[in-house]
Amino acid sequence: MALWLVRAGKDGEHEQRFFDDGRVYLTWDALINTNLATAATYDDIRLLMQQHYPDEPAKRVANWSGQVWAFALGFSRGDWVVVPRKRSGTIAIGEIVGDYTFNVSADETYRHYRSVRWLATDVPRSAFDQDLLYSFGAFLTVCEIKRNDAEKRVRALGRKGWDQVAATPPSVAAPNPENGPVAEDASIDLEQVGRDAIAKVIIQKFKGHGMARLVEAILKAQGFTTYRSPEGPDKGVDILAASGPFGFDRPRICVQVKSADAPSDRPEFTQLIGSMQSVSADQGLFVSWGGFKSTVLRELPTQFFKVRVWNRDDLIEQLLDNFDKIDADIRAELPFKRIWTVATPEE
């Protein structure tokens, strides 16, 4: 058995289709009219890719061919698949239960698929050790996760329960390249690795009510006047924020902050809606360090003009965007350094 990584689009745009249909899709634009079942080997796939991309460098074509080979020929029934979720900030785990299928009559983006039985769709990132998160951060759209007995460890986590929190992550260097058409890419997502390191510092220093203090500092840096509830029961109101020097202007925002590792569910989202009404807020902000379950994400379209949500990565993005304007005492607790790196690998 093997463990595979499949991405649901650069921005998670295909996630809901993955889960609604019980499938993982190969959303490769150039292959919308190509039935990969005609290929029997990696060399067959590579020949097809060379025909579609005659002007691309050979190394890049080989890289892409390995990913397509994995999806069409490498997956086996019973293998497990990992899908990092952009929108919720969590990880989905499924079991491959079907052979490769090409449906020429389907929407162009969703013609290549494998049927999947989803085992868990909202596993917090904190459940996985750092070396596994490195592998989940590979730039490849499809690849096998093999290092450090990854497949055995993820299956063991499933047996224990997906709500387990990882032990103190081992000090593991970024992975080295492996030979073979479907190995994990040597080029990991350094931005994601950086966010994971930043996240570790944040949760150490701002766990519990301290997370509300950090969110308040971000809102102040954005120009809001704020009120933060004292530590203890807050009835769904952690922070109130409004425009203007006295906080009398609009918008008026009610903020709920959850620092737990587990993803937030619909009842907590509903509590925020009720709290907004009780304090006459115009809009609401739901910050959940552990991300959000699908039950929350499905509510967002109907609350688009009233509520925004931040998962862990959203919070980090807002913090970094406003870091220079954050209160000095908060900055002193966050030993961050700005760096530059290449945006994406050439292959």
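To be clear, the structure that these remarks concern was listed above.
Residues numbered from 1 in each chain as written. Predicted model: local features only at pLDDT ≥ 70, side-chain atom pairs only at ≥ 80, totals over all residues. Heavy atoms only, no water.

Structural notes on the overall build of the chain
Moving on, step 1. The number of helices and strands found in the chain is eleven helices and twelve strands.
Moving on, step 2. Sorting the 347 residues of the chain into buried and exposed places 51% on the buried side.
Moving on, step 3. Here the contacts in the chain between residues at least 6 apart in sequence split such that 67% fall between residues at least 24 apart. (Helix = DSSP H or I, 4+ residues; strand = E, 2+ residues; numbered from the N terminus. Buried < 20%, exposed > 50% of the residue type's maximum accessible area, 1.4 Å probe, protein only. Contact = heavy atoms within 4.5 Å.)

Thoughts on the pattern of salt bridges
Moving on, step 1. For the coordinates displayed, the defined rule picks out 20 salt bridges.
Moving on, step 2. In this structure, Arg250 and Asp282 form a salt bridge, with 2.4 Å as the shortest nitrogen-oxygen distance. You can see Arg250 sitting in strand 10 (residues 249-258) and its partner Asp282 sitting in the loop between helix 8 (266-278) and strand 11 (283-288), a full 32 residues away along the chain.
Moving on, step 3. According to the relative accessible area criterion, Arg250 is exposed, its value standing at 53%.
Moving on, step 4. Here Arg338 ties to Asp324 by a salt bridge, and the two come within 3.7 Å at their closest N and O atoms. Placement of Arg338 in the segment after helix 11 (328-332) and of Asp324 in the loop between helix 10 (312-321) and helix 11 is noted, with a sequence separation of 14 residues between them. (Salt bridge = Lys/Arg side-chain N within 4 Å of Asp/Glu carboxyl O.)

Comments concerning the sheet that holds strand 11
Moving on, step 1. Pairing in this open sheet of five strands is mixed, and the strands run 8-9-10-11-12 from one edge to the other. Either end of the sheet is taken by a strand with one partner, and the two such strands are strand 8 (225-228) and strand 12 (307-310). For this sheet, the mean inter-axis angle between neighbouring strands, taken without regard to orientation, is 20°.
Moving on, step 2. Alignment of strand 11 against strand 12, held across four bridges, turns out to be parallel. Bridge pairing in strand 12 places Phe286 opposite Val309.
Moving on, step 3. Along the sheet, helix 8 contacts strand 10, strand 11 and strand 12; its crossing angle with strand 10, the most-contacted strand, is approximately 150°.
Moving on, step 4. Packed onto the sheet, helix 10 meets strand 11 and strand 12 and runs at close to 90° relative to strand 12. (Pairing = 2+ DSSP bridges. Axes fitted to C-alpha atoms, helices over the stretch in contact; angles between N-to-C directions.)

Comments concerning helix 5 (residues 150-160)
Moving on, step 1. Among the residues making up helix 5, those that are buried are Ala150, Glu151, Val154, Arg155 and Leu157. Projected down its long axis, helix 5 shows its buried positions confined to an angular sector of 155°, all on one face. More than 90 degrees from the buried face of helix 5, the exposed residues found are Lys152, Arg159 and Lys160.
Moving on, step 2. The secondary structure elements touched by the buried residues of helix 5 are strand 1 (3-6), strand 3 (80-84), strand 4 (90-96) and helix 4 (130-136).
Moving on, step 3. Positive backbone phi, at 120°, marks Gly161, one or two positions downstream of helix 5. (Arc of directions from axis to C-beta.)

Let's talk about the packing of aromatic side chains
Moving on, step 1. All chains considered together, the criterion is met by 15 aromatic pairs.
Moving on, step 2. Between Phe128 and Phe136, the ring centres sit 5.2 Å apart and the planes meet at 80°, which makes this aromatic pair edge-to-face.
Moving on, step 3. A relative accessible area of 2% means that Phe128 is categorised as buried.
Moving on, step 4. Ring pairing ties together the aromatic residues Phe18, Tyr25, Tyr110 and Tyr113, which thus form one cluster.
Moving on, step 5. Positioned above the aromatic ring of Tyr113, the side-chain terminus of Arg23 is 3.7 Å from the ring centre.
Moving on, step 6. Geometry around Phe304 places Arg308 over its ring, the cationic atom sitting 4.3 Å from the centre. (Phe/Tyr/Trp six-rings, centres within 6.5 Å; stacked < 30°, edge-to-face > 60°. Lys NZ or Arg CZ within 6 Å of the ring centre and 35° of its normal.)

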